[in-house]
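So you can see what is in the structure, the chains are spelled out below.
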Amino acid sequence: MLKITNLNVQASDKTILNDFNLTINDGEIHVIMGPNGAGKSTICKAIFNHPDYTINGNITYNNHNLVGTTPTDISRLGIFLLNQNPIEIEGITNAELIRNALSAKTGKPIDIFEFNKKLNEVCDIIKLPKSFVHRDINFNMSGGEKKKNELLSLFMLEPSFIMLDEIDSGLDIDALKVVGQALSKYYAMYKPSMLIITHHPDLLKYFPDYQVHILKDGHIISSGDKSLVNKIETSGFEANVISRSKQNE
Ligand SMILES: Nc1ncnc2c1ncn2[C@@H]1O[C@H](COP(=O)(O)OP(=O)(O)OP(=O)(O)O)[C@@H](O)[C@H]1O
Ligand SMILES: [Mg+2]
């Protein structure tokens, strides 16, 4: 279970998140939507204790305190972030990174035969050319290719808590389907907890059920079941806050 309470995050004297609270139980999917600049990506970076941010409040995963913990140790706990803008690393291949990460996670040497077999299987699931396994991480890849390439690590490392920050942005229609089906398969196989950040409802149809939160000005202003996505699509963020608060009167 991920539990965030009273989270305040600042960068360069700007308060980005204030009084942010969220609990994601094992196997639950939570979707965060909200205007550009609301602080959605900052949530993921705060969970990973990014050094650019001053973090106050509590973030725990399965009772481990994440505030002050290194990103390496946070990864070891089974947390995975697919960044909105995946970084390019020239000189290190996907296979090298994943093999080292797996070895660090398990503390055991990797059986190269099993490793290559699984890499091939995952490439088939996410429809990534097998040549990508030996390409430098995200280097000289198109925006959509980078998103699929990040999924290679996700499937290989088998995290229990996944954050997807706009995985759907930059994907063509066919790629969105492949990615949606792959994530749906991952969810069915491993039942991870998920935090999905998106501006578009198309990806969400691949998931059976989820809770939705609207983030604005650094905190959640409205939450609901999956029907909230359609309401947002029809009438925008503000209208749904007003209509929901009126319902509670
Ligand atoms: N390191 C930083 N230093 C200063 N300001 C920052 C920093 N990181 C983020 N911000 C600011 O915090 C606000 C929230 O940024 P964030 O990237 O979390 O927004 P977002 O909700 O993910 O937006 P989008 O939908 O466009 O991806 C923005 O105004 C941004 O300029
Ligand atoms: Mg963002």
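Details of the structure are given in the entry above.
These numbers come from a predicted model, not from an experiment.

The rules behind each value
- Residues numbered from 1 in each chain as written.
- Chains lettered and ligands numbered in written order.
- Predicted model: local features only at pLDDT ≥ 70, side-chain atom pairs only at ≥ 80, totals over all residues.
- Pairing = 2+ DSSP bridges.
- Helix = DSSP H or I, 4+ residues; strand = E, 2+ residues; numbered from the N terminus.
- Expected span 1.5 Å × (residues − 1).
- Buried ≥ 20, exposed ≤ 12 C-beta atoms within 10 Å, placed from the backbone.
- Contact = placed C-beta atoms within 7 Å.
- Near = placed C-beta within 6 Å.
- Nonpolar A, V, L, I, M, F, W, Y, C, P; charged D, E, K, R; others polar.
- Axes fitted to C-alpha atoms, helices over the stretch in contact; angles between N-to-C directions.
- Parallel < 35°, antiparallel > 145°, perpendicular 65-115°, else oblique.
- Left-handed = near helix turned anticlockwise from the far one by under 90°.

### Some thoughts on the pairing of strand 2 (residues 14–24)
Item 1. In the sheet, strand 1 (residues 2–11) pairs with strand 2 via seven bridges, with the strands oriented antiparallel. Following the sheet pairing, Leu2 is matched in strand 2 by Ile24.
Item 2. A loop of two residues connects strand 1 with strand 2, the two strands running antiparallel in sequence, and Ser12 in this loop sits at a positive phi of about 50°.

### Description of helix 5 (residues 143–157)
Item 1. In this model, helix 5 (15 residues) spans 22 Å end to end at C-alpha, consistent with the 21 Å of a helix rising 1.5 Å per residue.
Item 2. For helix 5, the full list of buried residues reads Lys147, Lys148, Asn149, Glu150, Leu151, Leu152, Leu154, Phe155 and Met156.
Item 3. For helix 5, the secondary structure elements touched by its buried residues are strand 6 (79–82), helix 3 (94–106), helix 4 (112–126), strand 9 (161–165) and helix 6 (173–190).
Item 4. Trailing helix 5 by a residue or two, Glu158 shows a phi angle of about 50°, which is positive.

### Observations regarding the site of ligand 1
Item 1. What surrounds ligand 1 is a group of 14 residues, the closest being Ala11, Asn36, Lys40, Ser41 and Thr42.
Item 2. For the shell around ligand 1, the secondary-structure elements that each account for two or more residues are strand 2 and helix 1 (40–47).
Item 3. Residue contributions to the shell around ligand 1 peak at three residues, all from helix 1.
Item 4. Along the lines of polarity and charge, the residues of the shell around ligand 1 split into three nonpolar, eight polar and three charged.

### Some details on unusual backbone geometry
Item 1. In this model, Asn49 sits at a positive phi of 55°, which is unusual for a non-glycine residue.
Item 2. You can see Asn49 is positioned in the loop between helix 1 and strand 4 (54–61).
Item 3. For Asn62, which is not glycine, the phi torsion reads 50° and is therefore positive.
Item 4. You can see Asn62 is positioned in the loop between strand 4 and strand 5 (64–65).

### Details of the sheet that holds strand 5
Item 1. Spatially, four strands are ordered 2-1-4-5 in an open sheet, and the strand pairing comes out antiparallel. The strands lining the two open edges of the sheet, one partner per strand, are strand 2 and strand 5.
Item 2. With seven bridges joining them, strand 1 and strand 4 adopt antiparallel strand pairing. When the bridges of strand 4 are listed, Thr5 appears paired with Asn58.

### Observations regarding the packing of helix 4 against helix 5
Item 1. In contact at an axis separation of 10 Å, helix 4 and helix 5 are set at 135° when each is read in the N-to-C sense. With respect to each other, helix 4 and helix 5 are oriented oblique. Of the two elements, helix 4 crosses helix 5, and the hand of that crossing is right-handed. On helix 5, the residues touching Lys118, Leu119, Val122, Ile125 and Ile126 of helix 4 are Lys148, Leu151, Leu152, Phe155 and Met156.
Item 2. Counted by class, the contact of helix 4 with helix 5 contains eight nonpolar, no polar and two charged residues.

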